[in-house]
Amino acid sequence: MEQQRLETAERAAPRLPLSLPGTLLAVTGNQNCILVNLSRTGVLIALPEPLKLGAEGYLRCGPIDHFMVVTRKQTGMNALSFDIPVDDHFVFGIRQYQEGQAEREQEEMIEAVMAWTSGKGLR
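Only a predicted model underlies this, so the values are computations on that prediction, with no experimental measurement involved.

Undergrad: I would appreciate a short explanation of the nonpolar core in the present structure.
TA: For soluble globular proteins, the rule of thumb is that nonpolar side chains tend to be buried together. Judged by nonpolar contacts, the single largest core of 22 residues is most densely connected at Leu 35, Leu 38, Val 43, Ile 45, Leu 59 and Ile 64. Those elements that provide at least two residues to this core are β1 (16-26), β2 (29-38), β3 (42-46), β4 (56-61), β5 (64-74), β6 (77-82) and α2 (88-117). Broken down by element, the residue count for this core peaks at 4 residues, all from β1. Filtering out sequence-adjacent residues up to four positions away, Leu 35 remains in contact with Leu 18, Ser 19, Leu 20, Val 43, Leu 44, Ile 45, Leu 59, Cys 61 and Ile 64.

Below, the structure is given as structure tokens:
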């Protein structure tokens, strides 16, 4: 428990773990990504190809549509900073969005299974 508090204290802002699909729009091209975590100052995204440090683009993921700058990279992951930090209310809204996303996906899956088992999905 003590170590976790120390790690949080060293960060500019606490991180919210997520798993949301998104798109990074950049001059070099658009890439699908997974939003791994979010804070008031930035995000961590998973990408098949790492981005260059200092690269810029727009991250679109649900209600997120923000200009970002790549500040750190490692295999499969890129840290991006918001050009203007977001507030706690925005971060909380993303958490609610993720919870709703899981419910929407489950409902869609149930509807697809019901359509398939009734023969409506075979057309």
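Once you've had a look at it, read on.
Undergrad: Is there a simple way to explain a negative patch on the surface in this structure?
TA: A surface patch of like charges, here negative, comprises Glu 103, Glu 105, Glu 107, Glu 108 and Glu 111. As for its position among the elements, Glu 105 is in helix α2.

Undergrad: Just to check I follow, could you spell out the environment of Gly 42 for this structure?
TA: Within the secondary structure, Gly 42 sits in strand β3. If we ignore the near neighbours within four places in the chain, the residues touching Gly 42 are Asn 37, Met 68, Leu 80, Ser 81 and Phe 82.

Undergrad: Looking at this structure, I do not really get the pairing of β3. What am I missing?
TA: Each regular strand shows side chains that alternate between the opposite faces of the sheet. For β3, the tally of buried residues reaches 4 of 5 residues, placing the bulk of the element in the interior. Here β2 pairs with β3 via 4 bridges, running antiparallel. Bridging from a neighbouring strand, Leu 35 pairs with Ile 45 of β3. The hairpin turn running from β2 into β3, its antiparallel successor, is 3 residues long.

Undergrad: Looking at this model, I keep getting lost on the sheet that holds β4. Mind explaining?
TA: In sheet architecture, strand pairing relies on hydrogen bonds along the backbone and comes in two forms, parallel and antiparallel. Pairing is antiparallel in the closed barrel, where 6 strands are placed in the order β1-β2-β3-β6-β5-β4. For this sheet, the mean inter-axis angle between neighbouring strands, taken without regard to orientation, is 45°. The sheet contacts of α2 involve β1, β2 and β5, and relative to β1 the element is tilted by about 95°.

Undergrad: Which parts of the structure should I look at to understand the packing of aromatic side chains?
TA: By convention here, two paired aromatic rings are described through the distance between centres and the angle between planes. A full pass over the atoms with the stated rule returns 1 aromatic pair. Ring geometry for Tyr 58 and Phe 67: centres 5.6 Å apart, planes at 70°, overall edge-to-face. Among the residues examined, Tyr 58 registers a relative accessible area of 41% and is labelled partly exposed. Classification of Phe 67 by relative accessible area gives partly exposed; the value is 22%.

Undergrad: How do you make sense of the side chain of Asn 78 when you look at a structure like this?
TA: Its location among the elements puts Asn 78 in strand β6. Residue class for Asn 78 comes out buried when judged on its relative accessible area of 0%. Of the polar contacts made by the side chain of Asn 78, one reaches the backbone nitrogen of Leu 51; its length is 3.0 Å. What Asn 78 contacts, discounting residues up to four positions off in sequence, is Val 43, Leu 44, Ile 45, Leu 47, Glu 49, Pro 50, Leu 51, Val 70, Arg 72 and Lys 73.

Undergrad: What exactly am I supposed to notice about the pattern of salt bridges here?
TA: Between side chains of opposite charge, a pair can form as their charged atoms come close. Going through the model one piece at a time under the given rule, you end up with 3 salt bridges. With a shortest N-O distance of 3.3 Å, Arg 40 and Asp 88 are connected by a salt bridge. Taken together, the residues Arg 40 in the loop between β2 and β3 and Asp 88 in helix α2 connect sequence positions 48 residues apart. For Arg 40, a relative accessible area of 31% puts it in the partly exposed group.

Rules and cut-offs
- Residues numbered from 1 in each chain as written.
- Predicted model: local features only at pLDDT ≥ 70, side-chain atom pairs only at ≥ 80, totals over all residues.
- Heavy atoms only, no water.
- Core = buried A, V, L, I, M, F, W, Y, C linked by side-chain atoms within 4.5 Å.
- Buried < 20%, exposed > 50% of the residue type's maximum accessible area, 1.4 Å probe, protein only.
- Helix = DSSP H or I, 4+ residues; strand = E, 2+ residues; numbered from the N terminus.
- Contact = heavy atoms within 4.5 Å.
- Patch = residues over 30% accessible without salt bridge, like charges linked within 9 Å, V, L, I, M, F, W, Y side chains within 5 Å.
- Areas by Shrake-Rupley, 256 points an atom, 1.4 Å probe, with all protein chains shown as cover.
- Salt bridge = Lys/Arg side-chain N within 4 Å of Asp/Glu carboxyl O.
- Lys, Arg positive; Asp, Glu negative; His and termini not counted.
- Charge placed at Lys NZ, Arg CZ, Asp CG, Glu CD.
- Pairing = 2+ DSSP bridges.
- Axes fitted to C-alpha atoms, helices over the stretch in contact; angles between N-to-C directions.
- Phe/Tyr/Trp six-rings, centres within 6.5 Å; stacked < 30°, edge-to-face > 60°.
- Polar contact = N/O pair within 3.5 Å; in protein donor to acceptor, adjacent residues only side chain to side chain.

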